[in-house]
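# Coordinates in review
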Amino acid sequence: MKAVVAMDQAAEAAGITLAERPEPTPAINDVVVEVYASGFVSAEWEWPSTWVDRSGHDRAQPIIGHEFAGVVSSLGYGTTGLSLGQRVFGITDWHRDGTLAEYAAVEARNLAPLPGNVDFTVGASLPVSGLTAWQGLFQHGRLQAGQSVLAHGAAGAVGSVVTQLAREFGAYVIGTGRAADRQAALDFGANEFLDLDQEELDDIGGVDLVFDVIGGDIQRRSASIIRPGGTLVSVVGPVEARPVHGLAVDFVVESVPSQLVEIVDRVRDGRLRTHIGTVATLDDAIPALNPTERRMGKTVIRVRP
């Protein structure tokens, strides 16, 4: 089968290639999915699980990508809850070969049904962005109606979902980004927008929750404006700056099928829009994953028409 594999850790995206790999076979409680579309997160190069297995041994030429939508093509021994030919979407295990391939082996417990009226491309764009936003806001941020949320990268793949979900649940959302992101952030539902290149975070006053996808100096400045009892939620690694009178949480997104169902139901009824920036075929995946300019939104690779 065709698959996108990482050849060189130091080269990151410049070190990937399209190669032939054996089709996977399902282990106990696995399914093999015929992949129709796969999303990609550029931060994957920084994840230890991309390069080593759980025992700390090097992974040779791993297949990259971990979110996808497709059709179940075979079942492993003991697998229950899914059937051959079923449309599914979800996240694969971080330490296993991924989804930028014609087939992927996945634990059945990590998958949710993909409704027939949701396109595979849309389905593949949802798992990481959607679950990151959902878990950051509700599990770790404990968002409540009436609170204020500072959503960094509000026009991006994760930030756009954060903005929409926070607004749906009654929060006042301040989106951030560059000047060119302003209209997109407002279109996704931000109540107001702050240009990080031209405006000061301190001018906002105080907020109850910061959803950080940037880190560094932006994270440190954000921590200082969190109200007493508020929360800084980070998805960019351990928090460097903590609120004086609040909480700081960093987390790694988990596959929770019941949450995927909540997310895709919102897509079906129009409450949630996914932000897809670039769509390419598997044959054209290498240049699509090596952009020469800044791209907004999620990159999705269409593996099958």
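Residues numbered from 1 in each chain as written. Predicted model: local features only at pLDDT ≥ 70, side-chain atom pairs only at ≥ 80, totals over all residues. Heavy atoms only, no water.

Naming follows an unreviewed UniProt entry, where the protein appears as NADP-dependent oxidoreductase of Micromonospora solifontis.

## A few points about the nonpolar core
Counting residues in hydrophobic clusters, the biggest one holds 40 residues, and the most contacted among them are F89, L137 and L143. With six residues, helix α3 (residues 127–140) is the largest single contributor of residues to this core. Setting aside chain neighbours within four positions, we find L143 in contact with L137, F138, V149, A166, F169, A171 and L209. The next biggest cluster of nonpolar side chains, apart from the first, holds 27 residues, and it includes W45, V72, L82 and A288. (Core = buried A, V, L, I, M, F, W, Y, C linked by side-chain atoms within 4.5 Å. Buried < 20%, exposed > 50% of the residue type's maximum accessible area, 1.4 Å probe, protein only. Helix = DSSP H or I, 4+ residues; strand = E, 2+ residues; numbered from the N terminus. Contact = heavy atoms within 4.5 Å.)

## Quick look at the environment of V279
Residue placement: V279 occurs in strand β14 (residues 276–281). Assessed through its relative accessible area of 46%, V279 is described here as partly exposed. For V279 and S38, which are 241 residues apart along the polypeptide, the C-alpha to C-alpha distance reads 9.9 Å. Once you skip the residues sitting within four places of it in the chain, V279 turns out to touch T121, V300 and R302.

## Digging into α3
Across the 14 residues that make up α3, a large majority, 12, are buried. If you check which residues of α3 are buried, you get P127, V128, S129, G130, L131, T132, A133, W134, Q135, G136, L137 and F138. Residue R142 follows α3 closely and has a positive phi angle near 50 degrees.

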